[in-house]
Amino acid sequence: LEVLREQKLIYIQLRPLRWMWDIDSIVDLEVSDDVVQLLLMQMERLPAGVRYGLKVASCLGSSTKYSVFDILSKELNVNLRGMLIDAVTKGYMIDCAGGRIQFSHDKVKEAAYEMMTVEDKIENHMNFGLILCSSVLENQTPDNETFFLAVNQLNSGDGCSLSDPSKRLMFATLNLKAGRRAIDLCDYNSALKLLESGMSLLPDDHWKSEYNLSLQMYRVAVDTACTLNNAAAVTKFSQEILTNVEAPLEKLHALFCVMKCLRTASKIQESQQLSYSILQQLGESLPRERGDSDLLAEIDSMRTKVLNMPDESIINMKESTRKEKDMLLLGLYSNLIVVMNDQNPKRMDDICLRMMEITVVNGLCALSPLSVALFALVLVSTGDIELAYRLGRLALRLTEKANGQRFLSEVAFFVGGCVSWVSEPLQSVAETNLLGYTNGQQVGDVLSALSNYQFYSLAIYLSGKNLKFCRDTSRKVSESLMQRHYLFLYKQAVVVYRQTAAFIGDVEGEEERPGNFPSWDDLMTHPERSANIDFSFYIQAHLYMRIFILTRDFTNLPNEGLLVRLTRKQTPMRPILWVGVFFEGLVSFHLARLLDDSDYYQQGEAALAFISKWRNSCNNKCNFENKYMVLEAMRLDLKDPDQAEDFYLKAVKSSKENRFVHEEGIASELSGDFYHRRGNIAKSYSFYRNAMECYGTWGANAVTQRLKEDVLEKFDSRQIIAQPIEKYISAVGYGEEPISTTRKRAE
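Treat the numbers as computed from the prediction; the structure is a model and nothing was measured. Sequence positions are assigned chain by chain, starting from 1 and proceeding in written order. With the structure being a predicted model, the display of local features is reserved for residues of pLDDT at least 70 and the display and counting of side-chain atom pairs for 80 or more, all residues being used for whole-chain, interface and lining totals. Working from all heavy atoms in the structure, the side-chain values ignore hydrogens and water.

A. Seen up close, the packing of aromatic side chains. Only Phe, Tyr and Trp rings take part, Trp by its six-membered ring, and two of them pair if their centres are within 6.5 Å. Stacked means planes under 30 degrees apart, edge-to-face means over 60, and tilted covers everything else. On inspection of all chains with the given rule, the structure shows 25 aromatic pairs. With 6.5 Å between their ring centres and 35° between their planes, Y461 and F503 make a pair best called tilted. Of this pair, Y461 sits in helix α25 (residues 446-462) while F503 is found in helix α27 (residues 487-504), placing the two residues 42 residues apart along the sequence. For the pair Y461 and F503, one class covers both residues: buried. Through pairs of rings, three or more aromatic residues link up here, namely W421, W578, F610, W614 and F624. The aromatic ring of F147 is capped on one face by K177, whose charged end is 5.9 Å from the ring centroid. Charge over a ring is defined by NZ of Lys or CZ of Arg lying within 6 Å of the ring centre and within 35 degrees of the ring normal. The ring of W520 carries the charged tip of R546 above its face, separated from the ring centre by 4.0 Å. A helix here means a DSSP run of H or I that spans at least four residues, while a strand means a run of E at least two residues long, and both kinds are numbered starting from the N terminus. Working definition: with a 1.4 Å probe on protein chains only, accessible area under 20% of the residue-type maximum means buried, over 50% means exposed, and in between means partly exposed.

Below, the structure written as structure tokens:
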């Protein structure tokens, strides 16, 4: 319409007042359907100054600071600010907050850019880049935004076509500098693009003529690609280093990046083999298995040494004089820990010990906090809970002292998921992992950030947080892991998503399957259940939970119990595993009563002994008290029912006080069943009603429906008034001796 008005083909007639148009001329007019072409037609009729301002702005991007135009104006001897104000007046650009100006639409920018020939574009980009680079490099307070803009202008100016070798090298060096700045700002995608642009400017014989610049460029590039989990780029850059670099440590560092990419792609065996090769080249011994007498003695010696070191002595340890090698070794060992957790957990203790030895003997480097956190994991396994928890907290403090803030996320992952649970409520453990997730995002450690996020989603689920929140969180985690191709964590995140969705009542196949997540059945038959030890344990723990809480379908129980397998493999304990053993105990005692099966009873007793051991050694009533009480109640229910009542009541009370709403529901349901079998209908109904309320608060609609159907069948249409359970649990204590039968009868 604006084009037609300008060409006077549509206009207002005054007498009489109405719109008029020349329909024949309009039909004959060649008007493009392309918005850009229409804008170009309009721009060609603008004053020359405004057109020039739009061209300059289009070279720089959609939104640019006025200060950039001021720099260019001085060198180009024009008033760009005035030209752009005219463009704002005509609606092509918009004034923005913060001293910025932007195009009113992307199509306007595109049209302004198309006003130039290809040669003009290249010349302008090159010229603007040189002017801005010169200004930034002369400035004592560097402006990152302007510097990145300057380097990108040079890259857009086709620096590869430059014939002057010195200018090409200068541009390559600027790209390296810009890439490092982008890494400092955690913009790894931009960093990799800048580094690749710099590589394209190097001469053909750059490994001979510009060895140091080439080494720096490829070393930074392989690290950046590894952070992005770009396996193809890691392979490409590492091969360049392996072929052309002489320094052994540089070659091993490149192999280390390859090893990390293999791990994240779930190529665990290949990752382990490469790790062993690097260790041998560094002169390190291969890790020994737990049970080796020398290893046990060395662990005890290190434990004694650390026990006698005050906190401040650990915090103020000397700095390492061989940081480069220490960083490579500690990084290699920390990744090998994850590999061994999947392949051979018995070797983990020796790896953790070696990391602690490197730190204690050589001194602190940025990865030393991780060494302390992982040695704490060993102490958890040996039962030295107090010292383990102390070291876990010290590891978090050390990240500030040892300049290891960029590794806080990785430290939080191990401290939260593998150490803190021994002394802190699961709700607090979740907060530690959330801290690790936030820090990882801030420093660009995407893998550790998402590892923490996955542990966080699991911890909030295990602690009884609303299931819809847990489901949505685990979905976000799963999607992020899939997008980043972190396959070794992805499957575990999907398990939590599928589990929470099932408890809520989502029907697989009816809801949109986000990201084509595998179904529960897919996960149960996944090949890694046999190839990956840790994933196998993880699935089995969730299976026991699913069976007892939701399906009550005991036909597909594993042939071998989780506790037996954990004991044989000597896997380090973490929350999902001991919660899995707890549910194995619930399933076992339940089947022992239904089937009068002594084997299931013994399996339940073993689970009870396991939970009791951790309850006593950790002194963490929040996490273990209610679990111990409910298992002991089920045991007594089979052997001495008169003594079981107190423990059922204690389990309900403990769950309630420690805010495990889902486990309060479980304990209440079991109490309702207990009283129903003993003919106490009023109490039974009261506890069943409380169980349904707890499951409802948790958000487990499918579980509530299962129990509701059971209750309707048991109580028919009888009018029973449910009493608040506080009436029954208020007087019960936490001592292990039940109230005497005589006293109970008297009451």
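B. Representation of the pattern of salt bridges. Throughout this description, the term salt bridge denotes a Lys or Arg side-chain nitrogen within 4 Å of a carboxyl oxygen of Asp or Glu. All told, the structure shown has 35 salt bridges when counted by the stated rule. Note that R219 is salt-bridged to E250, the shortest N-O span being 2.8 Å. Placement of R219 in helix α13 (residues 211-227) and of E250 in helix α15 (residues 248-264) is noted, with a sequence separation of 31 residues between them. By relative accessible area, which is 22% here, R219 ends up partly exposed. As a salt-bridge pair, D384 and R303 come within 2.4 Å of each other at their nearest N and O atoms. One end of the pair, D384, is in the loop between α21 (368-382) and α22 (385-401); the other, R303, is in helix α17 (residues 293-307), with 81 residues separating them in the sequence. By relative accessible area, D384 is classed as buried at 16%. Several salt bridges converge on common partners, so that one network encompasses R593, D637, D673, R677, D710 and K714.

C. Representation of the environment of I539 in the model. Mapped onto the elements of the fold, I539 is located in helix α30 (residues 533-551). Assessed through its relative accessible area of 0%, I539 is described here as buried. Throughout, a contact is declared for two residues whenever any of their heavy atoms are within 4.5 Å. In contact with I539, other than residues within four places in its own chain, are V495, L523, M524 and R529.

D. Representation of helix α34 (residues 621-639) in the model. With 19 residues, α34 should reach 27 Å at 1.5 Å per residue; the first-to-last C-alpha distance of 25 Å fits that figure. Across the 19 residues of α34, 15 count as buried, placing the element largely inside the fold. A helix is expected to span 1.5 Å multiplied by its residue count minus one.

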